[in-house]
Amino acid sequence: MQGIYIHIPFCKSRCIYCDFYSTTKLDLREKYVNSLCNEMVSRHNYLCNEDYNTIYIGGGTPSQLSLPQLSKIIFHLYSTFRIAKNAEFTIEVNPDDISDELLKYLKTSPVNRISMGVQTFSDQRLQFLHRRHSVAQVSKAVELCRQYGFHNISIDLIFGFPNQILDEWKSDVSQALAIDVPHISAYSLMYEEGTRLTQMRDNGQISEIPDDTSCKMYDYLCTTLKDAGYIHYEISNFCKPNFHSRHNSSYWNNVPYLGLGAGAHSFDGNSRQWNSVMHNGEWEVEDIERLSPLQKYNEYIMTRLRTMQGVELDTLNSDFTYYFSQVKHLVDRHISNGNLKVNTDTRCLVLTLQGIHISNLVISDLMLTEE
Ligand code: SF4
């Protein structure tokens, strides 16, 4: 199992909460696509021993590319890399970019999964975020995807808006269930450094909702989606059986991947590589870091504890004996405090619902720093 991530850092406009790397200089798209195809050729040997099982075109907004640009990327991808026949191939789209024309093209391509940035079912909240789509466009977009045979659809949701009350979130969750997609990712609104949203909070224009309201929203989400038949397979991710994101699950399982495009990073199992941001439609590999045994331990804890599968006690005892012995007393304390539990069937350490509320704290407790 290994994957390819392709970053398309173009957005028509910037949303106020976003700190992802992207630009609104859409006139650079053509040059960017050419650079991307060149990067594919120059890095075709990066992970060349196996077929690629997952492809993910993310952004930014990949659906802001023209069809010839998208088609050029996909053509080059398949002519450069060995991609498995049954590969999961996801593309991120904005609901307002979904059209007959786009879907007609995607249907002729190997794309088989669509990830849609829905965020909220309130037009007022969408405007607040500076998203470009409306609520009405969401159900139309999902319906159109289905008409073209795309049933493997994921939507992103955000909760915890300023002044949001639990009933408003309940309504969002029920509207998300009504469109009946097999995968839902839900995140609390984050106040990232340097964003307009954070500036508004710091200026006193808006305020964050209390932690206990946010916890209640998350608990409601977990219970309601579970009752509706979704599996809660990662802190922020829920799916119907067999519809988990294979690509994202690979990240959490430390599977190697090649990241193409400005700002993308790659992992070959032992080291990470970072691409620089774009300068005039071009970029380069900026940094390479070989992971130390301690970094591998920390990454294992950080990624796997977020998943329903959890951290394997056998792996901790065999591969990370030295590090695990240093945090064993903290693991025991979190177990007795009800934040962690051991799944006796799988012999894995997992977060409880109470532990998920303070997951950052529990995870950072179990991570270690260089001596
Ligand atoms: S569309 Fe996505 S990537 Fe672009 S600014 Fe908005 S949240 Fe960020």
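Residues numbered from 1 in each chain as written. Predicted model: local features only at pLDDT ≥ 70, side-chain atom pairs only at ≥ 80, totals over all residues. Heavy atoms only, no water.

## Quick look at the overall build of the protein
Reasoning step 1: Within the protein, the secondary structure is distributed over 14 helices and 15 strands.
Reasoning step 2: Relative to the 2.2 N^0.38 estimate, which gives 21 Å for 371 residues, the radius of gyration of the protein is 21 Å and therefore close to what a compact globule would have.
Reasoning step 3: Across its three principal axes, the protein shows a C-alpha extent of roughly 55 × 50 × 40 Å.
Reasoning step 4: A burial count over the protein gives 53% of its 371 residues as buried.
Reasoning step 5: Looking at the protein alone, contacts between residues at least 24 apart form 69% of all its contacts between residues at least 6 apart.
Reasoning step 6: By element, 49% of the accessible surface of the protein is carried by carbon and sulfur atoms, the whole surface being about 17,200 Å².
Reasoning step 7: The protein carries 33 positive and 43 negative side-chain charges, and their two centres are separated by 4 Å. (Helix = DSSP H or I, 4+ residues; strand = E, 2+ residues; numbered from the N terminus. Rg over C-alpha atoms; globule rule 2.2 N^0.38 Å. Buried < 20%, exposed > 50% of the residue type's maximum accessible area, 1.4 Å probe, protein only. Contact = heavy atoms within 4.5 Å. Areas by Shrake-Rupley, 256 points an atom, 1.4 Å probe, with all protein chains shown as cover. Lys, Arg positive; Asp, Glu negative; His and termini not counted. Charge placed at Lys NZ, Arg CZ, Asp CG, Glu CD.)

## A word on the site of the ligand
Reasoning step 1: Taken together, Cys 11, Ser 13, Arg 14, Cys 15, Tyr 17, Cys 18, Phe 20, Gly 60, Thr 61 and Arg 131 make up the full set of residues adjacent to the ligand.
Reasoning step 2: Residues that form the shell around the ligand fall into these classes: five nonpolar, three polar and two charged. (Near = heavy atom within 4 Å. Nonpolar A, V, L, I, M, F, W, Y, C, P; charged D, E, K, R; others polar.)

## Some details on the environment of Gly 263
Reasoning step 1: You can see Gly 263 is positioned in the loop between strand S9 (257-260) and strand S10 (265-267).
Reasoning step 2: In sequence terms Gly 263 and Gly 355 are 92 residues apart; their C-alpha atoms lie 32 Å from each other.

## Concerning the pairing of strand S14 (residues 340-343)
Reasoning step 1: Taken together, the four bridges between S14 and strand S15 (residues 348-351) define a ladder with antiparallel strand orientation. Paired with Asn 343 across the strands is Cys 348, a residue of S15.
Reasoning step 2: The antiparallel pairing of S14 with S15 creates a hairpin that spans four residues between the two strands, and Arg 347 there sits at a positive phi of about 55°. (Pairing = 2+ DSSP bridges.)

## Observations concerning the pattern of salt bridges
Opposite charge on two side chains allows them to pair when their charged atoms are near.
Reasoning step 1: One pass over the full model with this rule turns up 13 salt bridges.
Reasoning step 2: In this structure, Asp 97 engages Arg 132 in a salt bridge whose closest nitrogen and oxygen atoms are separated by 3.9 Å. Taken together, the positions of Asp 97 in the loop between strand S3 (83-93) and helix H3 (100-108) and Arg 132 in the loop between helix H4 (123-129) and helix H5 (135-147) put the pair 35 residues apart, joining distant regions of the chain.
Reasoning step 3: Among the residues examined, Arg 132 registers a relative accessible area of 24% and is labelled partly exposed. (Salt bridge = Lys/Arg side-chain N within 4 Å of Asp/Glu carboxyl O.)

## So, H3
Reasoning step 1: Listed in full, the buried residues belonging to H3 are Leu 102, Leu 103, Tyr 105 and Leu 106. With its buried residues spanning 160° around the axis, H3 presents them on a single face. Facing away from the buried side of H3 by over 90 degrees, the exposed positions are Glu 101, Lys 104 and Thr 108.
Reasoning step 2: Next to the buried residues of H3 lie helix H2 (67-80), S3, strand S4 (113-119) and H5. (Arc of directions from axis to C-beta.)

## Structural notes on the domain arrangement of the protein
Reasoning step 1: Taken domain by domain, the protein holds domain 1 (3-251) and domain 2 (292-371).
Reasoning step 2: On a C-alpha basis, the centroid separation for the pair domain 1 and domain 2 is 29 Å.
Reasoning step 3: Contacts between the two partners involve eleven residues from domain 1 and, on the opposite side, nine residues from domain 2.
Reasoning step 4: When the area that domain 1 buries against domain 2 is broken down by residue, the three leading residues are Asp 219, Glu 234 and Ile 235, summing to 48%.
Reasoning step 5: Our count for the contact surface shared by domain 1 and domain 2 stands at one salt bridge. (Domains from an automatic or database assignment. Buried area = accessible area lost by both parts, 1.4 Å probe.)

## Looking at the nonpolar core
Reasoning step 1: Membership of the largest hydrophobic core comes to 93 residues, with the highest contact counts inside it found for Ile 6, Leu 106, Met 116 and Tyr 297.
Reasoning step 2: Ranked by residues supplied to this core, first place goes to H5 with six residues.
Reasoning step 3: Built from parts of two domains, this core gets at least three residues from each of domain 1 (3-251) and domain 2 (292-371).
Reasoning step 4: Grouped together as the second largest cluster of nonpolar side chains are twelve residues, Ile 16, Cys 18, Tyr 191 and Ile 206 included. (Core = buried A, V, L, I, M, F, W, Y, C linked by side-chain atoms within 4.5 Å.)

## As for the sheet that holds strand S13 (residues 311-312)
Reasoning step 1: Read from one edge to the other, the open sheet built from three strands follows the order S13-S15-S14, with strand pairing classed as antiparallel. The sheet is open, and its two edges are formed by S13 and S14, each paired on a single side.
Reasoning step 2: In terms of strand pairing, S13 meets S15 through two bridges, oriented antiparallel. The residue bridging Glu 312 from the neighbouring strand is Cys 348, located in S15.
Reasoning step 3: Together, S14 and S15 form the strand contacts of helix H12 (residues 321-336), whose direction differs from that of S14 by roughly 95°. (Axes fitted to C-alpha atoms, helices over the stretch in contact; angles between N-to-C directions.)

## So, the layout of surface pockets
Reasoning step 1: Of the voids in this model, the second largest pocket is the one considered here, and its volume is about 440 Å³.
Reasoning step 2: Lining the second largest pocket are 20 residues, and of these His 232, Met 308, Lys 341, Leu 351 and Ile 356 lie nearest its centre.
Reasoning step 3: Taken together, the elements giving at least two residues each to the lining of the second largest pocket come down to helix H8 (211-227), strand S7 (231-234), S14, S15 and helix H13 (353-357).
Reasoning step 4: A total of four residues in the lining of the second largest pocket trace back to one element, the largest contributor, which is S7.
Reasoning step 5: Class assignment for the residues of the lining of the second largest pocket results in eleven nonpolar, five polar and four charged.
Reasoning step 6: Mapped onto the domain boundaries, the lining of the second largest pocket takes at least three residues apiece from domain 1 (3-251) and domain 2 (292-371). (1 Å grid on protein atoms, 1.4 Å probe; cavity = no way out; pocket = protein on both sides within 12 Å on 5 of 7 lines; lining within 4 Å. Points joined across faces, edges and corners; volume = space filled by probe spheres on them.)

## Remarks on the packing of aromatic side chains
Reasoning step 1: If you walk through the whole model with that rule in mind, you get 14 aromatic pairs.
Reasoning step 2: Both rings, one in Tyr 32 and one in Trp 283, keep their centres 4.6 Å apart while their planes meet at 35°; by these two values the pair is tilted. Here the residue Tyr 32 occupies a position in helix H1 (residues 29-42), and Trp 283 occupies one in the loop between strand S11 (271-275) and strand S12 (285-290), the gap between them amounting to 251 residues. The pair Tyr 32 / Trp 283 is uniform in exposure class, with both members buried. (Phe/Tyr/Trp six-rings, centres within 6.5 Å; stacked < 30°, edge-to-face > 60°.)

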